[in-house]
Every structure is written in C-alpha cells, then in structure tokens.
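Architecture and fold: a report
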Amino acid sequence: MPCAQLTAPATRLAEPPRPPGRAAGPELRLDLAAVAANTRLLAARATRLMAVVKADGFGHGAVETARAALGAGASSLGVTSVEEAMSLRHAGLRAPILSWLNPVDAAFDEALRADVSIAVPGREHMAAVVRAASRTGRTAKVHLHLDTGMARDGADPAQWGDLCRQAREAERGGLVRVTGVMGHLGCADTPGDACTDRALELFRTASAVAVRAGLRPGVRHLAATSATLTDPRTRFDLSRVGAGLYGIDPTRTTRLRPALTLTAPVVSARTVPAGTRAGYGHTWTAARRTHLALLAVGYADGLPRAASGRAEVLLAGRRRPVVGRVSMDQVIVDCGDRPAAPGDIATVFGTGDAGEPTVQDWARWSETMEHEIVTGLGTRLRRTVHDSGVAA
C-alpha cells in the first residue's frame, strides 16, 4: 500500500515534493503487516482477542493499528480513557470498545451514546455510570473490574460483593448491563510466578460471587500479552493484548515482529584527530583519527539520554556506536575508518533482520522496557504507514 501520514490534522498543508535523493529528516515507519502477523499469532492462542490500542497504539498510531488488528482476528478494542475511545469512534471504527481507566466525572454520557463499554472499579464509578444512563436513556454496558493484587485500578476484593449487589440493582432498573468481569496480572512477565496463582484464585472466586449476586457476565478477562503467550489458565473468555501486537514479548518466549523502524539521515560528517572530545560534558574522546557523522534525532524524539555511551545505529551496513551524550536534537556516530556523507541513512532501530538495533536493544541500553521506548517517541518524527507483506 502507498505511504500515508499516520495522523494529519485537517488544517495541515501537504508536504511539497522533495528533490530526488534528498533525505527528509528522521522517519518513523509503521509496518501494518507486522501488526497483522502478531495479531494472528496471538489470536490463535486466545479464546477471543481484544486489541489494546491505548497510548496512541503504544506510540504506533491507534487508528491504523486498530484497523490492522481487527482485520487479522481481533474482535474488540481496548483503551484507557473515554477520550481515547471517542477518537476511535470519530475515525469510523465501529467494533466493540472497552474503556477501563476513568475519573468519576469522565464523559460517560458521551461514551454511552457512542456504545462504548465502561469498566467499573468501585461504587462511586458505578453511581456515576448509572447517572449517565439515566440522563441519556442508554443502558450502560459495564465490566466490573477487580484488583487481583496490584493495589492500583480495580475494586478492593473486600468491597467486591457490595459492588456486585449495586450492579445487580442497577440491572433491575434497566440502567446497566454487566457484560464482563476483568482483572489484571502483576507478575505474568515471569511465567510460573506464585503471584499469578493467587490472582487466578481471587479472580475465580470473584467471578463466582458475581454470579451468586445474580449477574451473568458474558466475558471474563484477565490475561494480557505475557499470560496469553505462556499461561493457558489465564485466558478465560478473552485476552486483552497490547504490547504483543507491536512486537513486544515481555516473557522473551515468542518471536514477534517489531512494527516500527526509525531512520535518520546524516546531517553532516567530519574527520577528527585523536584526542577530539565530543558532546556535552566531553564524555567521549577519540582514541584515534576517526570519522564522525551527525544525526538530527535525540531525546526530544524519544531516544533515551540514559542510552548515552551504549547505543548503536546501523550505518553503511555496519553497527556504529553513538558517542558522547544523546542531546535533545542530535546524536554523534563514530563511523571509524568508513566515512559517511550527508544524506546517508542510518537505521536507529528496526526489526533486526539487517543487523540493525531493535527497540529491545534500546531498552537494554537505557535500562528500561520496550514499552517506554515506543510510547515515548516524539511528535517531530515524520510518521508513515507501510505494508511489508510479511507473513506470520
């Protein structure tokens, strides 16, 4: 398929054509075929698959990745906020959507009118959703959300019975229909961790409490990417998969395909003698005469400063070290005995198939997780969509 901008405000003017051979600055390429291949693999392991496209599709583009995932086997979409859900609706996506992290004064009226399901983590949220249903005349579809041991979103197990009874009362009034029960696993990245066993027991008990209260939730969902890949016990009726769609497997058990490639042209190049110092703080000194190349991409674009002194890029067919500190707008690459020229293209990260670094490499160099790298990519990057046709 032809390249297209991931997001383009209506008021933005089209870019003028570039002269042949001239680089256009850093480019972030989304490969929809990779998203589709990952979705098919994960859907084959799940009972049903919800594609989680929160945080703008983990930095990949929510609308584009949602469409690719739905076309490859996902049956619904998951986001955090009502605002994220409404962005998908405004883009024309009609698939079921669940929103699960909202303040009590969120735009529930708008969500109900758009047929967005709401996760309810406590009595206050249930009351707010009931009020929205009364105002709009719409029956709210809700998923009761249980905290299974992370002490963050979800109802305290001690309050779960009260929440179920409140939900049943709202159902009798025709204001609410409980369509799901959900939780989240805190240790699924480590297969076999005992905390997953405890969460499973708690979730099963809570599901039974809901049924005894007279509720008939159609779907129970607990597993995200890690559990879907490694623990069949957690899959229940639905898996909520986010990271895996984009090529991230926190368990390191399954080969998924990264969906993003970041390239940047060489802006300038120079030859420097031994003893030359580079970058802020002069943290790097040339040990020999060498060739340096400058890339106009930095921490404002999402390259972590913590990767300074460790990171590499692929340039002229070889991995080359990033030297000195990562700056806001630029990095310096030591090309050794093979000089680069302005306009040459460096691959900052990609699939790894050609020897280039991956997002996983950048996460390791930065002592963080891949999720943080991809969701932190800056808005200055020129974003394009491609379809490599890669098979699963």
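Described in the following lines is the structure provided in the data block. Just so it is clear, the structure is predicted and the values come from calculations on it, not from any experiment.

So, on to the overall build of the protein chain. Looking only at helices and strands, one finds 11 helices and 18 strands in the protein chain. A burial count over the protein chain gives 53% of its 392 residues as buried. Across the protein chain, the fraction of contacts at a sequence separation of at least 24, relative to all contacts at a separation of at least 6, is 68%. About 17,500 Å² of surface is accessible on the protein chain, with carbon and sulfur atoms providing 50% of the total. Of the side-chain charges in the protein chain, 48 are positive and 38 negative, and the distance between the mean point of each set is 2 Å.

Moving on, we come to the pattern of salt bridges. Applying the stated criterion across every chain, the model contains 18 salt bridges. With its nearest N and O atoms 3.1 Å apart, the salt bridge here joins Asp 115 to Lys 141. Linking Asp 115 in the loop between helix H5 (108-113) and strand S5 (116-120) with Lys 141 in strand S6 (residues 140-145), this pair joins segments that are 26 residues apart in sequence. Accessibility expressed as a relative area gives 41% for Asp 115, which makes it partly exposed. A relative accessible area of 27% places Lys 141 in the partly exposed class. For Arg 310, the salt bridge identified is with Glu 367, shortest N-O distance 3.2 Å. Highlighted residues: Arg 310 in the loop between strand S13 (290-295) and strand S14 (312-315) and Glu 367 in the loop between helix H10 (359-366) and helix H11 (370-375), separated in sequence by 57 residues. Arg 310 sits in the partly exposed class, given a relative accessible area of 39%. Here the residues in one salt-bridge network are Glu 312, Arg 319, Asp 361 and Arg 364, joined through shared partners.

What follows deals with the pairing of S6. The element S6 is largely enclosed, with a buried count of 5 among its 6 residues. Relative to S6, S5 runs parallel, the two being bridged by 3 bridges. Directly across from Val 120, in S6, lies its bridge partner Leu 144. Where the polypeptide runs from S5 across helix H6 (residues 123-136) and back to S6, its parallel neighbour, the crossover connection is right-handed. Of the crossover connections in this fold, the one passing from S6 over helix H7 (residues 160-172) to the parallel strand S7 (residues 176-182) is right-handed.

Right, let's talk about the layout of surface pockets for a bit. There is about 780 Å³ of room inside the largest pocket. Lining of the largest pocket is provided by 32 residues; of these, Lys 54, Arg 152, His 184, Leu 185 and Ala 224 occupy positions nearest its centre. Of all the secondary-structure elements, those providing two or more residues to the lining of the largest pocket are helix H2 (54-58), helix H9 (225-230), strand S9 (239-241) and H11. Each residue belonging to the lining of the largest pocket can be placed in one class, and the counts come to 16 nonpolar, 10 polar and 6 charged. Computed from the structure, the second largest pocket encloses a volume of approximately 340 Å³. Lining the second largest pocket are 20 residues; nearest its centre among them are Ser 76, Pro 96, Ser 117, His 143 and Thr 179. Counting residues per element, the ones that place at least two in the lining of the second largest pocket are strand S3 (76-79), strand S4 (97-99), S6 and S7. Within the lining of the second largest pocket, the residues separate by chemical class into 8 nonpolar, 6 polar and 6 charged.

Attention now goes to the packing of helix H1 (residues 32-43) against helix H3 (residues 62-71). Two numbers describe how H1 lies on H3: the axes approach to 8 Å, and their chain directions differ by 45°. Classed by the angle they form, the pair H1 and H3 counts as oblique. Note that H1 runs across H3; the crossing there is right-handed. In contact with Leu 32, Val 35, Ala 36 and Thr 39 of H1, H3 contributes Glu 64, Thr 65, Ala 68 and Ala 69. Each residue belonging to the contact of H1 with H3 can be placed in one class, and the counts come to 5 nonpolar, 2 polar and 1 charged.

This brings us to helix H4 (residues 82-90). For an α-helix, the turn length of 3.6 residues means that residues three or four places apart are oriented alike. Taken residue by residue, H4 has Val 82, Ala 85, Met 86, Leu 88 and Arg 89 as its buried positions. Mapping the buried residues of H4 onto a view down its axis gives an arc of 155°, with all of them on the same face. Seen from the buried face of H4, the exposed residues on the opposite side, beyond 90 degrees, are Glu 83 and His 90. In the core, the buried residues of H4 are packed alongside H3, S3, S4, H5 and S5.

Next up on the list: the packing of H6 against H7. Interaxial distance between H6 and H7 falls to 10 Å at its minimum, and their mutual angle equals 10°. The angle between the axes of H6 and H7 places the two elements in the roughly parallel class. For the pair H6 and H7, contact is made by Arg 123, Met 126, Ala 127 and Val 130 and by Asp 162, Leu 163, Gln 166, Ala 167 and Ala 170, respectively.

The way to describe two aromatic rings as a pair is by their centre distance and the angle between their planes. Per the stated rule, a full pass over the model turns up 3 aromatic pairs. With a centroid separation of 5.4 Å and an interplanar angle of 75°, the aromatic rings of Trp 362 and Trp 365 are classed as edge-to-face. Here Trp 365 and Trp 362 lie together in helix H10, a separation of 3 residues that amounts to about one turn. Of the two residues, Trp 362 and Trp 365, neither departs from the other in class, the shared state being buried. Against the face of Trp 100 rests Arg 240, its NZ or CZ located 5.7 Å from the ring centre.

About the cut-offs
Residues numbered from 1 in each chain as written. Predicted model: local features only at pLDDT ≥ 70, side-chain atom pairs only at ≥ 80, totals over all residues. Heavy atoms only, no water. Helix = DSSP H or I, 4+ residues; strand = E, 2+ residues; numbered from the N terminus. Buried < 20%, exposed > 50% of the residue type's maximum accessible area, 1.4 Å probe, protein only. Contact = heavy atoms within 4.5 Å. Areas by Shrake-Rupley, 256 points an atom, 1.4 Å probe, with all protein chains shown as cover. Lys, Arg positive; Asp, Glu negative; His and termini not counted. Charge placed at Lys NZ, Arg CZ, Asp CG, Glu CD. Salt bridge = Lys/Arg side-chain N within 4 Å of Asp/Glu carboxyl O. Pairing = 2+ DSSP bridges. Right-handed = clockwise from strand over helix to strand, strands pointing away. 1 Å grid on protein atoms, 1.4 Å probe; cavity = no way out; pocket = protein on both sides within 12 Å on 5 of 7 lines; lining within 4 Å. Points joined across faces, edges and corners; volume = space filled by probe spheres on them. Nonpolar A, V, L, I, M, F, W, Y, C, P; charged D, E, K, R; others polar. Axes fitted to C-alpha atoms, helices over the stretch in contact; angles between N-to-C directions. Parallel < 35°, antiparallel > 145°, perpendicular 65-115°, else oblique. Left-handed = near helix turned anticlockwise from the far one by under 90°. Arc of directions from axis to C-beta. Phe/Tyr/Trp six-rings, centres within 6.5 Å; stacked < 30°, edge-to-face > 60°. Lys NZ or Arg CZ within 6 Å of the ring centre and 35° of its normal.

Keep in mind that these numbers describe shape and distance, not what the molecule does.
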